[in-house]
Every structure is written in structure tokens, then in C-alpha cells.
Amino acid sequence: MPAISLSNSIFRSFRRISPNQALNSHFGLKFALKCMFKYMENHHSNNSKSDSRGALIVLEGLDRCGKTSQTSRLVSFLEGLGHSVESWRFPDRTTGVGQMISSYLSNESQLDDRAIHLLFSANRWEKRSLMEDKLRSGTTLIVDRYSYSGVAFSSAKGLDIEWCKAPEIGLLAPDVVVYLEISPEKAAERGGYGAERYEKLEFQKKVAQSYNMLFDASWKIVDATLPIEDIEKRIREIVLDCLITCQKGKSLSQLWSC
Ligand code: Z5A
Ligand code: MG
């Protein structure tokens, strides 16, 4: 497909050139990418048999690793390229279930560990069909925390990891999980700890160990201690490659296959 070859050669050339050249060619590159995405989106809407779709991108990591900052930067970047994209986050505190979760996180209510785990999962299930509709209609979703947070935080409390995964089975599997890696100590130095239930150094250490048990082939590890702009650049590369694969018709799959 010509648009795919175009994109591949754009990325190859972009990797070969110096930062100054990249800066100078920034607008040309942006324009080329914009044309490519428009071509692929039009191709999709003109061909009802096409399996082209948006990508499901998840950002994960410890508290304060930079997920929310990078989510909004990435969404702006993709919007600027003319791509159809939405920013999502879990927990989604706007729903009835989300409000129960929010009250628990802010220590206004108490719940059994298993009950809150299932609420977090239900909060994802209530958005599942909308998520699938959006992806199939060509919209890319950038999701700030997902099932991995659910399993990592609950298993860090001592719940069995397989029990934690069970209610997530059948949710859509991300095309890429960007894991922003930072030590709990470094993350704590960024400040802002203390307001919510899980924001304690000792607990975050256990969460980090739990995350380590969840790595699979869909994960890309990014050093979250780099300057924000460097992380942003790395995430863009990962995500643009992934968008192309999804536009080519990669099929949707479900958790929890690994
Ligand atoms: N939870 C759960 O138990 N089960 C589940 O299923 C789910 C979640 C989905 C709420 O999450 C809690 O719910 C969470 C897990 C649990 N508890 N904890 N802990 P949340 O997503 O609502 O938490 P949050 O408060 O929005 O975000 P966060 O995770 O704490 O932070 P972040 O989004 O990763 O980071 P940030 O807000 O982008 O940045 C934090 C600060 O660092 C900020 O001042 C930035 O300017 C700074 N920053 C960011 N990047 C950098 C770099 N590269 N260098 C220096 N400084 C930086
Ligand atoms: Mg956040």
C-alpha cells in the first residue's frame, strides 16, 4: 500500500538525520504525516470491508511517573497531525461506579480489597463497548492507566495475581502498553504524595514489583527519568509505528492472553 511505504520511508529518513535537520524538516514531516493519516482514514471510510481501525494505546507506571503529562502531549501531537484521537483515563470518575472508586481513593469510604478491585474492573467493563466502537470507527484511544494498574495495585495488597486478572479477561487488549519506568524513590521526589490512599512509598515499592510480573510482548519500557520532551519523542515513535499497524488492519484482541 503506497501510504504505508510513504510512512516507512519518512520514519527511516527521520531517524537518520541530525536534531537540527529534524527541527528544520519538522513542518515538512508533520505535513507528510498529516497527508498520510488523511489518506488512510479516507481509504478506510471508502472501503466498508477494510479492517483499518484506531489504536488502543495504554500508559502505565507508578504514581507520578508522568502518565497524565505524556497522555495530553501525545493527544495534542496526534490531533495536530489530523488524526482522530481521544484521551481516556481509568478510573473514569464520572460514572456512578467511578464515584464510588473516587470516594474510596480519597479515604471517604472503606471497602473490602476484593470489592474495590471488582469496582475498578467494572469501571472498565462499563466503557468496553464504547471503546470497541471508537476503535473500529478509526479513533485512536490514549488511555491513562488500564487493567495493569488494576492488577498491580490489588496484588500489591496481597491478593492473588491470577484472581486479580480474572475479571479483566475479555476486555480489549492494548496494542501497545507504554510503561514509564521510574524508581518509587525518584517518583516520590516529584512531590504531591499524601492526598490519596495508595500514595505511600512503601506501597509503591510493592506496586513496582507487581508491575514487573505483568510485562508482555505489548510492553514498551520508557525511562521516565529523562526530560519530558525526550520521553515525549520516544513515545511518539512507538505510537506512530503502532497506528500504522492498526490502520493496516491488525485485529483487535482480548485480555488476558499472556
Ligand atoms: N488504581 C487502582 O488501584 N486500580 C485500577 O484499576 C486503576 C487505578 C485504574 C488513581 O490513579 C489511583 O487508582 C492510583 C492507582 C489506582 N493510585 N495511586 N497511587 P490516578 O491515575 O488518578 O492517579 P493520578 O493522581 O492522576 O496520577 P499519577 O499516577 O499520580 O501521576 P502521573 O499521571 O503518572 O504523573 P503526572 O501527573 O503526569 O506528573 C506528576 C508530576 O511529575 C508533575 O508535577 C509533572 O510535572 C512531573 N513530571 C512528569 N514528567 C516528568 C519528568 N520527565 N521529569 C520531571 N518531572 C516530571
Ligand atoms: Mg495521572
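Residues numbered from 1 in each chain as written. Chains lettered and ligands numbered in written order. Predicted model: local features only at pLDDT ≥ 70, side-chain atom pairs only at ≥ 80, totals over all residues. Heavy atoms only, no water.

Quick notes on the pairing of strand β1 (residues 56-60)
Here β1 lies mainly inside the structure; 5 of its 5 residues are buried. Alternating positions in β1 separate into two faces, Leu56, Val58 and Glu60 on one and Ile57 and Leu59 on the other, with burial throughout. Summarising the sheet, β1 and strand β3 (residues 140-144) pair through 4 bridges and their orientation is parallel. Paired with Leu59 across the bridge in β3 is Asp144. Pairing between β1 and strand β4 (residues 176-181): 4 bridges, direction parallel. Bridging from a neighbouring strand, Ile57 pairs with Val176 of β4. (Buried < 20%, exposed > 50% of the residue type's maximum accessible area, 1.4 Å probe, protein only. Helix = DSSP H or I, 4+ residues; strand = E, 2+ residues; numbered from the N terminus. Pairing = 2+ DSSP bridges.)

Some details on the site of ligand 1
Residues in close proximity to ligand 1 total 26 residues, the closest being Asp63, Arg64, Lys67, Thr68 and Ser69. In this structure, an oxygen atom belonging to ligand 1 sits 3.3 Å away from a main-chain N or O atom of Cys65. Taken by itself ligand 1 offers 1100 Å² of open surface, and the protein chains cover 81% of this. Mapped onto the shell around ligand 1, the elements with two or more residues apiece are α4 (67-80), α6 (113-125), α8 (147-156) and α12 (228-247). For the shell around ligand 1, the class distribution of residues is 12 nonpolar, 6 polar and 8 charged. (Near = heavy atom within 4 Å. Polar contact = N/O pair within 3.5 Å; in protein donor to acceptor, adjacent residues only side chain to side chain. Areas by Shrake-Rupley, 256 points an atom, 1.4 Å probe, with all protein chains shown as cover. Nonpolar A, V, L, I, M, F, W, Y, C, P; charged D, E, K, R; others polar.)

Quick notes on helix α11 (residues 201-212)
Its 12 residues give α11 an end-to-end C-alpha distance of 17 Å, which sits within 8% of 16 Å, the value for a rise of 1.5 Å per residue. Turning to α11, its buried residues are Phe203, Gln204, Val207, Ala208, Ser210 and Tyr211. Taken down its axis, α11 places every buried residue within 160 degrees of arc, on the same side. Facing away from the buried side of α11, by more than 90 degrees, are the exposed residues Glu202 and Gln209. Among the structural elements, β1, α8, β4, α10 (184-189) and β5 (219-223) are those in contact with the buried residues of α11. (Expected span 1.5 Å × (residues − 1). Arc of directions from axis to C-beta. Contact = heavy atoms within 4.5 Å.)

Structural notes on the pattern of salt bridges
Under the defined criterion, the tally for this structure stands at 17 salt bridges. Where Lys127 meets Asp92, a salt bridge forms, and the shortest distance between an N and an O atom there is 2.7 Å. One end of the pair, Lys127, is in the loop between α6 and α7 (128-136); the other, Asp92, is in the loop between β2 (85-89) and α5 (96-105), with 35 residues separating them in the sequence. A relative accessible area of 16% means that Lys127 is categorised as buried. Asp92 sits in the buried class, given a relative accessible area of 11%. A salt bridge links Glu196 to Arg93, with the nearest nitrogen and oxygen atoms 3.0 Å apart. Here Glu196, found in the loop between α10 and α11, pairs with Arg93, found in the loop between β2 and α5; they are 103 residues apart in sequence, far enough to count as distant. (Salt bridge = Lys/Arg side-chain N within 4 Å of Asp/Glu carboxyl O.)

Some points on the sheet that holds β4
Taking strand neighbours across the sheet as the criterion, the 5 strands line up as β2-β3-β1-β4-β5 in an open arrangement whose pairing is parallel. The strands lining the two open edges of the sheet, one partner per strand, are β2 and β5. Between one strand axis and the next, the sheet turns through 20 degrees on average, direction left out of account. With 5 bridges connecting them, β4 and β5 associate as parallel partners. For Val177, the partnering residue across the bridge sits in β5 and is Trp219. (Axes fitted to C-alpha atoms, helices over the stretch in contact; angles between N-to-C directions.)

Notes on the side chain of Arg145
If you trace the backbone, Arg145 turns up in the loop between β3 and α8. The exposure class of Arg145 is buried, given its relative accessible area of 14%. Here Ser149 takes part through its side chain, which lies 3.1 Å from a polar atom of the side chain of Arg145. Look past the residues within four positions of Arg145 in its chain and what remains in contact with it is Leu59, Glu60, Gly61, Leu62, Asp63, Lys67, Phe90, Phe153 and Tyr211.

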